[in-house]
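# Per-entry structural report
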Amino acid sequence: MPQMSAIDRNTAAPERPALAALEQEVLRGALMKMHLIRKFEEAAEASYVRGLIHGTMHLSIGQEASAVGSILPLRIDDYILSTHRGHGHCIAKGADPARMLAEFFGKETGYCHGRGGSMHIADIEGGNLGANGIVAGGLPIAVGVGMSIKAQKQDRVCMVFFGDGATNEGAFHESLNMASIWKLPIVFVCENNKYAMSMDIALSMAVRNVTDRASAYAMPAVAVDGNDLPEVAAAARAAVARARSGGGPALVECKTYRIRGHSKSDRNLYRTKEEIETWREADPISRLETEVLTHQRFTRPELAAIEKAAQQRIDEALEFAKASPDPDSAELTRDVYAD
Amino acid sequence: MPTELAAPEVATRELSYAEAIREALAQAMEADERVFLFGEDVGVYGGAFGVSGDLLQRFGPERVIDTPISELGLAGAAVGAALTGMKPVLEIQFSDFVTLAMEQIVNQAAKIHFMFGGKASVPMVVRLPGGSGTGAAGQHSQSLEAWFAHVPGLKVVQPSTPHDAKGLLLAAIDDPNPVLVFEHKLLYKTKGPVPAEPYRVPIGSAAVRRAGRDITIVAASIMTLRALAAARRLAAEGIETEVVDLRSLRPIDFATIAKSVRKTHRLLIVYEGVKTMGIGAEISAMIAESEVFEFLETPIARLGGADVPIPYNPMLEKASVPQEDDIVAAARRLVLEGIA
Ligand SMILES: Cc1ncc(C[n+]2csc(CCOP(=O)(O)OP(=O)(O)O)c2C)c(N)n1
Ligand SMILES: [Mg+2]
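Residues numbered from 1 in each chain as written. Chains lettered and ligands numbered in written order. Predicted model: local features only at pLDDT ≥ 70, side-chain atom pairs only at ≥ 80, totals over all residues. Heavy atoms only, no water.

Let us look at the overall build of chain B. A tally of helices and strands in chain B yields 12 helices and 14 strands. Its C-alpha atoms give chain B a radius of gyration of 20 Å, near enough to 20 Å, the size a compact globule of 340 residues would have. Each of the three principal axes of chain B carries a C-alpha extent, and together these read 60 × 45 × 45 Å. Counting every position in chain B, which comprises 340 residues, the buried fraction comes to 62%. (Helix = DSSP H or I, 4+ residues; strand = E, 2+ residues; numbered from the N terminus. Rg over C-alpha atoms; globule rule 2.2 N^0.38 Å. Buried < 20%, exposed > 50% of the residue type's maximum accessible area, 1.4 Å probe, protein only.)

The next subject is the pattern of salt bridges. Residues and elements named next belong to chain A. Counted by the stated rule, this structure contains 43 salt bridges over all chains. As a salt-bridge pair, Arg38 and Asp283 come within 2.7 Å of each other at their nearest N and O atoms. A residue pair is termed long-range when its members are at least 10 positions apart, and Arg38 in helix H3 (residues 24-49) and Asp283 in the loop between helix H12 (273-281) and helix H13 (284-294) qualify at 245 residues. For Arg38, a relative accessible area of 12% gives the class buried. Assessed through its relative accessible area of 14%, Asp283 is described here as buried. In this structure, Arg287 and Asp228 form a salt bridge, with 3.9 Å as the shortest nitrogen-oxygen distance. (Salt bridge = Lys/Arg side-chain N within 4 Å of Asp/Glu carboxyl O.)

Residues and elements named next belong to chain B. Overall, mixed pairing links the seven strands, which are arranged S3-S2-S4-S5-S7-S6-S12 in an open sheet. The sheet is open, and its two borders are formed by strand S3 (64-66) and strand S12 (248-250), each paired with just one other strand. On average, each strand axis in the sheet is tilted by 20° relative to the strand beside it, whichever way the strands run. (Pairing = 2+ DSSP bridges. Axes fitted to C-alpha atoms, helices over the stretch in contact; angles between N-to-C directions.)

A few words on the site of ligand 1. The immediate surroundings of ligand 1 are formed by 23 residues, with His84(A), Arg85(A), Gly133(A), Gly165(A) and Glu71(B) found nearest. Residues close to ligand 1 are split across chains A and B. Backbone polar atom of Gly133(A) to a nitrogen atom of ligand 1: 2.7 Å apart, as the coordinates give it. Ala166(A) places a main-chain nitrogen or oxygen 3.1 Å from an oxygen atom of ligand 1. Here the residues of the shell around ligand 1 are counted per class, giving nine nonpolar, eight polar and six charged. (Near = heavy atom within 4 Å. Polar contact = N/O pair within 3.5 Å; in protein donor to acceptor, adjacent residues only side chain to side chain. Nonpolar A, V, L, I, M, F, W, Y, C, P; charged D, E, K, R; others polar.)

On to the pairing of strand S2 (residues 35-39) of chain B, then. All names here are of chain B. Burial of S2 is extensive: five of the five residues sit out of reach of the surface. Here S2 shows two buried faces, one formed by Val35, Leu37 and Gly39 and the other by Phe36 and Phe38. Pairing between S2 and strand S4 (residues 87-91): five bridges, direction parallel. Residue pairing across strands places Phe38 opposite Leu90, the latter belonging to S4.

This brings us to the coordination of the magnesium ion (ligand 2). Residues and elements named next belong to chain A. Protein coordination at the magnesium ion (ligand 2) comes from Asp164 (OD), Asn193 (OD1) and Tyr195 (O), with a distance range of 2.1 to 2.2 Å. Mapping the donors of the magnesium ion (ligand 2) onto the primary sequence yields the spacing D-x28-N-x1-Y. In this pair, Asp164 sits in the loop between strand S2 (158-163) and helix H8 (170-181) while Tyr195 sits in strand S4 (residues 195-196), placing the two residues 31 residues apart along the sequence. In this structure Asp164 comes out as buried when scored by relative accessible area, which is 1%. (Donors = N, O, S within 2.8 Å, 3.2 Å for Na, K, Ca; no water.)

One broad rule of soluble globular proteins: the nonpolar side chains tend to lie buried together. Counting 63 residues, the largest nonpolar core has Met100(A), Leu101(A), Phe104(A), Met159(A), Val187(A), Leu229(A) and Leu288(A) as its most contacted members. Of all the elements, H3(A) adds the most residues to this core, at nine residues. With residues up to four places along the chain from it excluded, the contact list for Val187(A) reads Val157(A), Cys158(A), Met159(A), Val160(A), Ala239(A), Val240(A), Ala243(A), Ala250(A) and Val252(A). Within the second largest apolar cluster, 60 residues are counted, among which are Ala28(B), Met29(B), Val89(B) and Ile215(B). (Core = buried A, V, L, I, M, F, W, Y, C linked by side-chain atoms within 4.5 Å. Contact = heavy atoms within 4.5 Å.)

The subject of this paragraph is the side chain of Glu108(A). All names here are of chain A. Summarising the element assignment, Glu108 is placed in the loop between helix H6 (97-104) and helix H7 (138-151). At 3.0 Å, the side chain of Glu108 forms a polar contact with the side chain of Arg115. Excluding its chain neighbours within four sequence positions, the residues that come into contact with Glu108 are His113, Arg115, Pro325, Asp326, Pro327, Asp328 and Arg334.

Bringing the domain arrangement of chain B into the picture now. Residues and elements named next belong to chain B. Parsing chain B into structural domains produces domain 1 (15-193) and domain 2 (207-336). Each of domain 1 and domain 2 was reduced to a C-alpha centroid, and the two centroids are 26 Å apart. In this complex, domain 1 contributes 31 residues to the contact, which on the side of domain 2 involves 21 residues. Counting the surface domain 1 buries against domain 2, the share from its top three residues, Ser132, Gln158 and Ser160, is 24%. (Domains from an automatic or database assignment. Buried area = accessible area lost by both parts, 1.4 Å probe.)

Here you go:
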């Protein structure tokens, strides 16, 4: 980004409302989390490539604004339910990247004591009721969480994430219907990244938008540019406020894109390099940085310091993960049942 | 019913297990235009495990169909297509996701022929990659075959070699009943001789993979390979192991198992699914209920999956299902000490 002259700054357009609504410390926190997610996934990917992590993982690189923006209006005691592509949700909700990476390394210090891996991280104390290996698996659970919140007369909200592909499962439709008829405090966040693995939404959905589907359940729904953090946050804020005040569920569709392959075995046969490049230019982190610089919300050195702090935290997390102990094989069947 | 494979005369050609399945699909589609393949990412992607490969290019999008993520709907669509003159082959991307499709497979597909008084049939095939060993944790590593073997009206097969992967799939496609083919993810890259022409491995026939006089190991799927590796080690210690590869769970080839146990007087059953309430329990009970019981010199031993969801950590994951060392140890115990 070229440096702007003082004259440019003075004549810059005023901040759009979605950005102006974000207080300085909130914005700083959001930037920090987006960087943390990016660095976390880059570190996880590098460790995988070096053979330090086994299995597979689903990276959300390019989708950070959707995770961070959606969760921004949530309180610590609100719930989220996440997906197979859930590292971003987890970090955004406040999880410790060190314990997450330890989980990737299968260590006893990981969030699931090495039993779950990338696809199953849950941070119960932080209100994250878990990633999910089953597409749409979290949606019906969200209905139950909503019922529970209501039954206990709490003012909490449950936010459930799912992909575009998940909306083709019956579970999605059943869940939206129940949430709507029972006016449950649920925010449905669809991260529409155009593909379910190799399946193009244009081929898999009878309607163009996931928001179109909400109308069958009389649920308010809004689609936003999912790579635009302030827009995502504004939409989520409205939906969360509505759910919290007893107004019932709402759906937010974040139109976004995953830059990496679906998982580690993807050869990208279903999309073009050009398409990936186009979306790379819409990178949610650099987009927001450019904008906040323009409006002098942050200086370049301040932004660099945020990124550096994020990198440092991930470097430390990696050390922690590597140095942590493996689970004890003698405890193979521990935790299958609650006592 | 043949229990041993006729030694293939010209089958010097080797294919991987995945390639053998692909060849079976291609030959079935070439031979019968009613056959089609559908499932999540089976087309452009070539299948999550690369099994369908280039079939989309070869047969076009009307016969190799990429679907939405809708397992229950897909299983029901297979039922409907099969009921009305087609021969669908459905790929469930990981066998774990068949849990979403249980209703159509168990309540509909399995029962239609019987409940409609034999007037309609459901010639559908479901291919299911199962098993652990890939670090995919609890929801992508299960071995659920015994669930389906519990259901009258379904047939369940579990090929362990590329040869059988092709032959059993072709037999499954021919079969007028719903057949579930449980493939194993760790077997896809294993290679073996596969005849080029189409052939069938009869459903309901086990194969004796190795002859021996001291102990019978009945194994299924990848456990057959582990049992054979264990048998080679046991042979070096003077223990001669007979290895019976089940191949079909329903119908099960009890005659082949019984014949072997009569000869060896000892039985070890090895399978990856959870041991508790699993296929080993059924085989043990069949032996106990038969006259073969008299021939046993030791208790029957079972090795199966531990009572735990498949853990992510690689050491725990290995510990949760039988490994070659476990088989060697269990066989030794049975033969040398007479205890299970
Ligand atoms: C019930 C079920 N079916 C299939 C899969 C395999 N699978 C995992 S993720 C995925 C694609 C999901 O697409 P989408 O919901 O759009 O999420 P994205 O991966 O794009 O974030 C598929 C087919 C699964 N995990 N669970
Ligand atoms: Mg998607």
